[in-house]
Amino acid sequence: MFPDAKGFYDYCVRNFDTEILTHASKEETKIAKKMFAQKWLDKDVNIRFFKELNDKYKYIGKAILVDDYPLHVLNHIATNKQPGIIFNYQGKNGWSNVSFKPDPYVSTLVIV
């Protein structure tokens, strides 16, 4: 349905109130992530940073979390009672290892 992350991002921006929430404990990291998002997604990207990596779900509230780490999505669902999408870009995430789940070809899991 979407050719790449930019296509998915553009769809979300057109149809939903969209922002990127990402971890950055240092100012240099914030600058680098903002520049990356502006280059590949949109120069006016709405990006918000948080410091505690495993507390992401606390900042999301009534929204859909799209994340590459299952624990973040599960915490979001349990705490906020909202859906989440776990993605696995090109099968690079360790949780998609064949020893972890039966189908290594599934690259996106939607939990509602």
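Look up: the structure comes first, before these words.
Not measured: the values here are computed from a predicted model.

Draft legend 1. Layout of the overall build of the protein chain. If you tally the helices and strands in the protein chain, you get 3 helices and 5 strands. Here the protein chain, with 112 residues, has 26% of them falling under the buried criterion. Look at the contacts in the protein chain between residues 6 or more apart in sequence, and 35% of them connect residues 24 or more apart.

Draft legend 2. Main features of a nonpolar patch on the surface. A cluster of nonpolar side chains, namely Met 1, Phe 2, Phe 8, Ile 64, Val 66 and Phe 87, defines an oily patch on the protein surface of about 570 Å² accessible area. Under the relative-accessibility criterion, Phe 87 is labelled partly exposed at 31%.

Draft legend 3. Highlighting the packing of aromatic side chains. This model, assessed by the stated rule, comprises 3 aromatic pairs. Centre to centre, the rings of Phe 36 and Trp 40 are 6.4 Å apart; their planes meet at 45°, and the pair counts as tilted. Of this pair, Phe 36 and Trp 40 both sit in helix H2 (residues 27-40), 4 residues apart, which is roughly one turn of the helix. Owing to a relative accessible area of 55%, Phe 36 belongs among the exposed residues under this scheme.

Basis of the calculations
Residues numbered from 1 in each chain as written. Predicted model: local features only at pLDDT ≥ 70, side-chain atom pairs only at ≥ 80, totals over all residues. Heavy atoms only, no water. Helix = DSSP H or I, 4+ residues; strand = E, 2+ residues; numbered from the N terminus. Buried < 20%, exposed > 50% of the residue type's maximum accessible area, 1.4 Å probe, protein only. Contact = heavy atoms within 4.5 Å. Patch = residues over 30% accessible without salt bridge, like charges linked within 9 Å, V, L, I, M, F, W, Y side chains within 5 Å. Areas by Shrake-Rupley, 256 points an atom, 1.4 Å probe, with all protein chains shown as cover. Salt bridge = Lys/Arg side-chain N within 4 Å of Asp/Glu carboxyl O. Phe/Tyr/Trp six-rings, centres within 6.5 Å; stacked < 30°, edge-to-face > 60°.

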